[in-house]
Amino acid sequence: MLYGGKRIGRRAVVLGVFGSALWFCVGGLVMASPAQAASGACPGRLVSSLPFSTGEVRVYKSRTQACAMTVANRPGQRRHMSVSIQPRGGVPVRDSGQFTRYAGPVAVGAINRCVYVKGSVGAGSVDSGWILC
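Caption draft 1: Broad picture of the state of the cysteines. Taken as a whole and judged by the stated rule, the model has 2 disulfides. Two residues, cysteine 114 and cysteine 133, share a disulfide whose sulfurs are 2.0 Å apart. The disulfide joining cysteine 114 to cysteine 133 has a torsion of about 135° about its S-S bond and is therefore right-handed. One end of the pair, cysteine 114, is in the loop between strand S8 (102-109) and strand S9 (115-121); the other, cysteine 133, is in the segment after strand S10 (124-131), and 19 residues separate them in sequence. A relative accessible area of 12% places cysteine 114 in the buried class. Cysteine pairing for the protein chain, with bonded cysteines counted in sequence order: 1-2, 3-4.

Next comes the structure, spelled out in structure tokens:
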């Protein structure tokens, strides 16, 4: 077969077609559904809500992971927000920046592990201590 003026073998064509099909299948699994992407929600069930003066940190737990997001009390105005979750014995995963509604979600593997969660909106902040133990 000719491709771009070069002769390529049948095996290369089959591998190219197979690779493209695999890319599309895996890409569909990795990408979030539109509803999940639009809401910014964490997977799992809500297990803790940590309120503070300017917002709250919501902590979710699924079978294999813990997830957190900081939500502002008054969405709309762009301001500094952050969220951090750290499994015991692991490194924290953070999201921070200038947001209008929420920071996160951030998730860590937490099968039988405690997590430490922090969040802030503007001048208000909260931290959980070790939870989900």
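There is more to say after this.
Caption draft 2: Seen up close, the nonpolar core. One finds Val57, Val59, Ala68, Ile85, Val115 and Val117 to be the most contacted residues of the largest nonpolar core, which totals 19 residues. Listing elements by their share of this core, those giving two or more residues are strand S3 (45-52), strand S4 (55-61), strand S5 (65-72), strand S6 (79-87), S8, S9 and S10. Sequence-distant contacts of valine 117, that is, excluding residues within four places in its chain, are made with Val57, Val59, Ala68, Ser84, Ile85, Val126, Asp127, Ser128, Gly129 and Ile131. Core analysis: the next-biggest nonpolar cluster, separate from the first, contains 5 residues, Cys42, Tyr60, Met69 and Val71 among them.

Caption draft 3: Quick peek at unusual backbone geometry. Omega for the bond connecting glycine 104 with proline 105 falls within 30 degrees of zero, at 5°, which places this linkage in the cis form. Inspection of the secondary structure puts proline 105 in strand S8. Positive phi, close to 55°, is recorded for asparagine 112, a residue that is not glycine. Within the element layout of this structure, asparagine 112 appears in the loop between S8 and S9. The backbone phi angle of leucine 132 is positive, close to 60°, even though this residue is not glycine. Secondary-structure assignment places leucine 132 in the segment after S10. Residue classification places leucine 132 among the partly exposed positions, given a relative accessible area of 29%.

Caption draft 4: Representation of the sheet that holds S3 within the structure. Taken in spatial order, the 4 strands line up as S3-S4-S5-S8 in an open sheet, and their pairing is antiparallel. The open sheet has two edge strands, S3 and S8, and neither has a second partner. Averaged over all neighbouring strand pairs, the angle between strand axes comes to 15°, with direction disregarded. By the bridge criterion, 6 bridges tie S5 to S8 in an arrangement that is antiparallel. Looking across to S8, one finds that threonine 70 is bridged to alanine 103.

Caption draft 5: Quick peek at the pattern of salt bridges. The final tally for this structure, using the stated rule, is 1 salt bridge. Arginine 58 is the partner of glutamate 56 in a salt bridge, and the nearest nitrogen-oxygen pair spans 2.7 Å. Look at arginine 58 and you get partly exposed, because its relative accessible area is 27%.

Conventions and cut-offs
- The numbers attached to residues start from 1 for each chain and follow its sequence in the written order.
- In view of the model being predicted, local features appear only for residues whose pLDDT reaches at least 70, and side-chain atom pairs are presented and counted only at 80 or more, with totals across whole chains, interfaces and linings using the full set of residues.
- With hydrogens and water set aside, each side-chain value is computed from the structure's full complement of heavy atoms.
- For this text, the term disulfide refers to a pair of cysteine sulfurs within 2.5 Å.
- A run of H or I in DSSP counts as a helix once it spans at least four residues, and a run of E counts as a strand once it spans at least two, with each numbered from the N terminus.
- Exposure is judged per residue with a 1.4 Å probe applied to protein chains only, and the accessible area is read against the type maximum: over 50% gives exposed, under 20% gives buried, and values in between give partly exposed.
- Residues belong to one nonpolar core when they are buried, are Ala, Val, Leu, Ile, Met, Phe, Trp, Tyr or Cys, and are joined through side-chain atoms within 4.5 Å.
- Every residue pair with non-hydrogen atoms within 4.5 Å of one another is taken to be in contact.
- We call two strands paired when DSSP finds no fewer than two bridges between them.
- Throughout, an axis means a line fitted to C-alpha atoms (over the contacting stretch in the case of helices), and angles, computed between N-to-C directions, take values from 0 to 180 degrees.
- One side-chain nitrogen of Lys or Arg within 4 Å of one carboxyl oxygen of Asp or Glu is enough to make a salt bridge.

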